[in-house]
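So you can see what is in the structure, the chains are spelled out below.
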Amino acid sequence: MSEHGGDAGVVWRVHPSLVLYAGVFWALIVLAALGAWLAWLVSPGGARAVHADVVTVIASVVSLAWWCLLIRPRVELRHDLVVIVNPLATYELRREDIVAVTDGLHGAQFHRRDGFKTTAVALGDKSAGIKRGRLAEVRKALAL
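Just so it is clear, the model here is predicted, and its values are computed rather than measured.

**Q** Any details on the sheet that holds strand β8 (residues 117-120)? Residues and values, ideally.
**A** Picture the strands of a sheet paired through backbone hydrogen bonds; they go either parallel or antiparallel. Strand order in the open sheet formed by 3 strands is β6-β7-β8, with antiparallel pairing between adjacent strands. Strands with a single pairing partner mark the edges of an open sheet, and in this sheet they are β6 (98-103) and β8. Neighbouring strand axes in the sheet, compared pairwise and without regard to direction, differ in orientation by 25° on average. Where β6 meets strand β7 (residues 108-112), 5 bridges bridge the pair, whose relative direction is antiparallel. Considered in β7, the bridge of D103 is made with A108.

**Q** Tell me about the packing of helix α1 (residues 16-42) against helix α2 (residues 46-71), residues and numbers included.
**A** Packing of α1 against α2 leaves a shortest axis separation of 8 Å and a crossing angle of 160°. In this view, α1 runs roughly antiparallel relative to α2, as classed from their interaxial angle. Viewed along their axes, α1 and α2 form a crossing whose handedness is left-handed.

**Q** How would you sum up α1? Please name residues and give values.
**A** Given a rise of 1.5 Å per residue, 27 residues ought to cover 39 Å, and the 39 Å separating the end C-alpha atoms of α1 matches this to within 8%. Those residues of α1 that sit buried are S17, A22, G23, I29, A33 and A36. Check the buried side of α1 and you find it contacts α2.

**Q** Can you explain the pattern of salt bridges? Please cite residues and give values.
**A** For the coordinates displayed, the defined rule picks out 5 salt bridges. Two residues, R78 and E76, come together in a salt bridge whose shortest N-O distance is 2.7 Å. Judged by relative accessible area, R78 falls into the partly exposed class, the value being 23%. Taking the shortest distance from any N to any O, the salt bridge between E96 and R94 comes out at 2.8 Å. With relative accessibility at 45%, the residue R94 sits in the partly exposed group.

Scoring rules and cut-offs
- Residues numbered from 1 in each chain as written.
- Predicted model: local features only at pLDDT ≥ 70, side-chain atom pairs only at ≥ 80, totals over all residues.
- Heavy atoms only, no water.
- Pairing = 2+ DSSP bridges.
- Helix = DSSP H or I, 4+ residues; strand = E, 2+ residues; numbered from the N terminus.
- Axes fitted to C-alpha atoms, helices over the stretch in contact; angles between N-to-C directions.
- Parallel < 35°, antiparallel > 145°, perpendicular 65-115°, else oblique.
- Left-handed = near helix turned anticlockwise from the far one by under 90°.
- Expected span 1.5 Å × (residues − 1).
- Buried < 20%, exposed > 50% of the residue type's maximum accessible area, 1.4 Å probe, protein only.
- Contact = heavy atoms within 4.5 Å.
- Salt bridge = Lys/Arg side-chain N within 4 Å of Asp/Glu carboxyl O.

Spelled out as structure tokens, the structure:
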């Protein structure tokens, strides 16, 4: 899915269906945490407090993972720069240094002139490969 606007010419994010499924899972966990705290408010007790704490920690971990793996990753095409934001790192590649874009195991791989590859997790698909349409769109935007 590409989005237009802002400083970036084109922005690709994680596949929307994956974000939707993860969002539903996240909402169910948050509702479970709220239910556990409401149960503790109605009938305070040590076991219910521990249960509410555990569910809250799980909801926090899932929220952090959701942000790191699905919300943060993106690929931005600017006029002379490609910015790849992965869960733990951000890479800036000059457009003229990119010689090819191929499908990789964890997303699109940007091949550079110096022989190294940079993987863009945001262009991955739930089937461990990007769809041909997204790959073609990236290649067209980079004129490859």
